[in-house]
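# Breakdown of the fold
Below are the chains, spelled out letter by letter.
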Amino acid sequence: MKKLLGLLAISTAAFAQHVEIKQSKGPTLGYSATSSIQIIKKDGFSFKDLNKNGKLDSYEDWRKPVEVRAADLAKQLSVQEIAGLMLYSGHQAIPARPDGYFAGTYSGKPFDPKTMDASELTDQQKKFLKEDNLRHVLVTTVSSPEDAAKWNNKIQAFCESMGKGIPANNSTDPRHGTQARAEFNAAAGGLISMWPSSLGMAATFKPELIQQFGRIAAQEYRALGIATALSPQVDMATEPRWLRFDGTFGESSKLSAAMAEAYCNGFQNETWGAQSVNAMVKHWPGGGSGEAGRDAHYANGKFAVYPGNNFNEHLIPFTEGAFKLTGQTKKAAAVMPYYTISWNQTNENVANNYNKYLVTDLLRKQYGYDGVVCTDWSVTGDHKAMDVFIDGKVWGVENLNMAERHYKILMAGADQFGGNNDMKPIIDAYAMGVKEHGEPFMRARMEQSAVRLLRNIFQVGLFENPYQNPATTKATVGKPEFMQAGYQAQLQSIVLLKNKGNVLPIQTKKTIYIPKRFIAASRHFLGFPIPASNDFPINMELVKKYFNVTGNPAEADLALVCIENPKGSIGYEKEDVAKGGNGYVPISLQYGDYVAHDAREVSIAGGDPLENFTNRSYKGKTAKSRNVTDMELIEETRQKMQGKPVIVSVNVSNPMVFAEIEGKADAILASFGVQDQAILDILAGKAEPQALLPMQMPASMQVVEKQKEDVPFDMECHLDAEGHRYDFGFGMNWKGVIQDARAKKYK
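Here is what the cut-offs are and how they apply
Residues numbered from 1 in each chain as written. Predicted model: local features only at pLDDT ≥ 70, side-chain atom pairs only at ≥ 80, totals over all residues. Heavy atoms only, no water. Patch = residues over 30% accessible without salt bridge, like charges linked within 9 Å, V, L, I, M, F, W, Y side chains within 5 Å. Areas by Shrake-Rupley, 256 points an atom, 1.4 Å probe, with all protein chains shown as cover. Salt bridge = Lys/Arg side-chain N within 4 Å of Asp/Glu carboxyl O. Helix = DSSP H or I, 4+ residues; strand = E, 2+ residues; numbered from the N terminus. Core = buried A, V, L, I, M, F, W, Y, C linked by side-chain atoms within 4.5 Å. Buried < 20%, exposed > 50% of the residue type's maximum accessible area, 1.4 Å probe, protein only. Axes fitted to C-alpha atoms, helices over the stretch in contact; angles between N-to-C directions. Parallel < 35°, antiparallel > 145°, perpendicular 65-115°, else oblique. Contact = heavy atoms within 4.5 Å. Nonpolar A, V, L, I, M, F, W, Y, C, P; charged D, E, K, R; others polar. Expected span 1.5 Å × (residues − 1). 1 Å grid on protein atoms, 1.4 Å probe; cavity = no way out; pocket = protein on both sides within 12 Å on 5 of 7 lines; lining within 4 Å. Points joined across faces, edges and corners; volume = space filled by probe spheres on them. Pairing = 2+ DSSP bridges. Left-handed = near helix turned anticlockwise from the far one by under 90°. pLDDT = per-residue confidence, 0-100.

The subject of this paragraph is a nonpolar patch on the surface. A cluster of nonpolar side chains, contributed by Tyr 101, Phe 102, Val 388, Ile 390 and Phe 528, occupies part of the molecular surface with about 380 Å² of accessible area. By secondary structure assignment, the location of Phe 528 is in the loop between strand S20 (522–523) and strand S21 (529–530).

Next comes the structure, spelled out in structure tokens:
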């Protein structure tokens, strides 16, 4: 090693079982300290001999353009190796869960925190990396940032030791949500910076804020060993009942496009490199128009409908946002189509992942997109139930076998299969293609995807150095200035909807009454039971730092009631089937019972192999919310306070019918996944509300039933007792209704 250092005049630091070679006029190289990787010296520079053939291949030469490197390596890969690149793993926790979904083992045993290292690779990971050539890994929970960095280093060393030395491209779904009860301290760090939901970011109407988030999140991701973000979600949320509404930037195509551009610019950086994170924008061509609000994770929600003939507007967040970046990266690195069948928009009613018109003709040819197209997760799995989240999502192609499904997706123009750890179906699909088109055609098709997939690994610098220093990771992820930026964004995302008599802000230390909130038993989206609870809905120790607290309403100056918007079913209930119904029920945005008198007599779309009918109408059926107790809590508190002010704080994930509760509240705050402390800072006047509604709030459920799933801004909005209409762009500050250019710009 000393001889090598002398020859190259470079510095080397070894830590966490890997070696770094720093170059004054080139990238830092990182490789495993125990690896058989050799360093090649040429023209005064150093390069990694990844395939261990003793010569400098084009793909190993970091001076060459990414396209040249990707094409060179793609030609060297076997069909099996390319098939491995096309895999995107199922969800991987660090450490793996001992049982249930996404479980893993270590030398055949479940994880034991007393005797095992959380950063070790599981048996399953070693298998899919070695036997299936998988190189794209989806990371979920991590025990700590340092464990994530150590795990990354171990998976990179494992990959480096095999074949052509292709590094792992680790990814994540969004992981910057808040811990509501956590206290914010400007001088303290955290496990990761905490920001409002996408809907909350949209409520700021400030694309520059989400670009700042992207730059910070990218630094934290890279420190964790993550180089691809499975985000942003830019679907136009034109259907107010949609279960994924809160993951969007609201219902405006213009605002969604601006936020998409800023998000991708932030994550991918101005130029590609070791600070960049590939952004995978989703869900092409827009999944926000599911019929009656049902979601396509379930068979009962497989259809996106367009009664307003507004399909093209749903493309705008992609075509005018994620595909028109101001930086040199130009476009989002990857695109994920949604599960839905875009009903009657193409020549075949199959899921978007399988639809050649949507992927090849529209996305690639018409809009010139040549980045990676990755399917959503589990789109090739078998379909067995109408209402199970982890069911296979083979909508419209249920009759095809596993190989045929993979083949159809390949021929549609997609490059990668989300949630698939097994390369065999891709090899089988390749054989089908060879039989139909010949081997030269299929080899070229496989190389085409390989180039796209490799490009995303090259452009973020993983081939040069995929390793992380755990100490640097600990110092970077959740550092104080990042926590501060996230908290400031939370403050800017809270919407003041009502302020009767200027009851807010509460500028003196008054006495406050906060009732406990009962939450009925329910089920997690994966099916796990969630027990009932009855507890304070806010961190009471924090409240005491702002106000005097009492459990007696008679002693209080005012009351604070903390609730959520109405929560109901997924639009399908087995109980209805048991009673002889079709299973389809309303999704309600109100707390009280809702009878769907105004629903369609006949659904726009329908049909499933598990059903013997196509009409999914729920007309005349009743929907109940599982948190009707939130509405009752406001009424009970109102009575107990005997005319003294009642402030309502609503955590919002969907539009809601405010008519049920607005008249009983003197002030209303709408928040989108923020810390309790941010709400308290607004209440106490330490920060002034400045956010605006990124969606409409309907006047009634009748209005919701009559709106068109694919059309924005087509609802009559709630008019409150103060004469204010809760429309897109509405919000208040201490002076009254906010009048600025933001709402007009994006509507």
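Attention now goes to the nonpolar core. Counting 140 residues, the largest nonpolar core has Phe 267, Trp 284, Phe 323, Leu 454 and Phe 463 as the members making the most contacts within it. Counting residues per element, this core draws most heavily on helix H7 (residues 207–224), which supplies nine residues. Of all hydrophobic cores here, the second largest spans 67 residues; its members include Leu 496, Val 503, Ala 559 and Ala 670.

Remark: helix H11 (residues 402–412) packs on helix H13 (residues 439–458), axes separated minimally by 11 Å, with the N-to-C direction vectors making an angle of 75°. The angle between H11 and H13 falls in the class roughly perpendicular. When H11 is examined against H13, the residues Tyr 407, Leu 410 and Met 411 are found in contact with a partner set consisting of Phe 441, Met 442, Arg 445 and Met 446. Residues that form the contact of H11 with H13 fall into these classes: six nonpolar, no polar and one charged.

Moving on, we get to unusual backbone geometry. A cis amide bond links Ile 94 with the next residue in sequence, Pro 95, at an omega value of 0°. Cis geometry marks the peptide bond from Lys 282 to His 283, where omega comes out at 10°. Its identity is not glycine, yet Lys 330 carries a phi of approximately 70°, on the positive side. Along the chain, Lys 330 falls in the loop between helix H9 (316–322) and strand S13 (334–337).

Turning to helix H5 (residues 145–160), a few remarks are in order. Since one α-helical turn is 3.6 residues long, residues separated by three or four positions face the same way. Look at H5: 22 Å from first C-alpha to last across 16 residues, which is about the 22 Å you get at 1.5 Å a residue. For H5, every residue scored as buried is listed here: Pro 145, Asp 147, Ala 148, Ala 149, Trp 151, Asn 152, Asn 153, Ile 155, Gln 156, Cys 159 and Glu 160.

Before going further, it helps to spend a moment on the layout of surface pockets. Rolling a probe over the atoms, with the probe sized like a water molecule, indicates the empty space that remains. Taken as a whole, the second largest pocket spans an internal volume of roughly 1000 Å³. In this structure, the second largest pocket is lined by 40 residues; those nearest its centre are Trp 272, Gly 273, Ala 274, Gln 459 and Gly 461. Elements with a contribution of two residues or more to the lining of the second largest pocket: strand S2 (18–23), strand S3 (26–32), helix H2 (66–76), H7, H13 and helix H14 (470–476). Partitioning the lining of the second largest pocket into residue classes produces 13 nonpolar, 16 polar and 11 charged.

Quick look at the sheet that holds strand S11 (residues 278–284) now. Strands belonging to one sheet form pairs held by backbone hydrogen bonds; the direction of such a pair is parallel or antiparallel. Read across the open sheet, the seven strands follow the order S7-S8-S9-S10-S11-S13-S15; overall the sheet is parallel. What marks the edges here is a single partner per strand, and that holds for strand S7 (91–94) and strand S15 (372–373). Pairing geometry for S13 and S15, over two bridges, is parallel. By the bridge assignment, Val 335 is partnered in S15 with Val 373.

All right, on to empty space enclosed by the protein then. All told, the structure shown has seven cavities of 30 Å³ or more when counted by the stated rule. The computed volume of the largest cavity comes to approximately 110 Å³. Split by residue class, the lining of the largest cavity holds five nonpolar, three polar and eight charged. Every residue along the wall of the second largest cavity is listed here: Tyr 88, His 136, Asn 169, Thr 228, Asn 278, Met 280, Ala 334, Val 372, Gln 416, Leu 453 and Asn 456. Looking at the lining of the second largest cavity, the elements that each hand over two or more residues are S11 and H13. Residue composition of the lining of the second largest cavity, grouped by class: five nonpolar, six polar and no charged.

One can describe the packing of H7 onto helix H15 (residues 480–492) by two numbers: an axis separation of 11 Å at closest approach and a directional angle of 150°. With respect to H15, the axis of H7 lies roughly antiparallel. Judged by the sense of rotation from one axis to the other, the crossing of H7 with H15 is left-handed. Of H15, the residues touching H7 (which contributes Leu 209, Gln 212, Ile 216, Gln 219 and Glu 220) are Phe 482, Ala 485, Ala 489 and Gln 492.

To continue, consider the confidence of the model for the protein chain. Here the protein chain averages 95 in pLDDT, while 97% of its residues score no lower than 70. Considering only residues more than four positions removed or in separate chains, one finds that residues 1–16, a stretch of pLDDT under 50, has 29 contacts.

Enumeration according to the criterion identifies 44 salt bridges in this entry. The salt bridge partner of Lys 324 is Glu 320, with a shortest N-O separation of 3.1 Å. For Lys 324, a relative accessible area of 47% corresponds to the partly exposed category. The structure contains a network of salt bridges with shared partners spanning Glu 67, Arg 364, Asp 370, Asp 415, Arg 452 and Arg 455.

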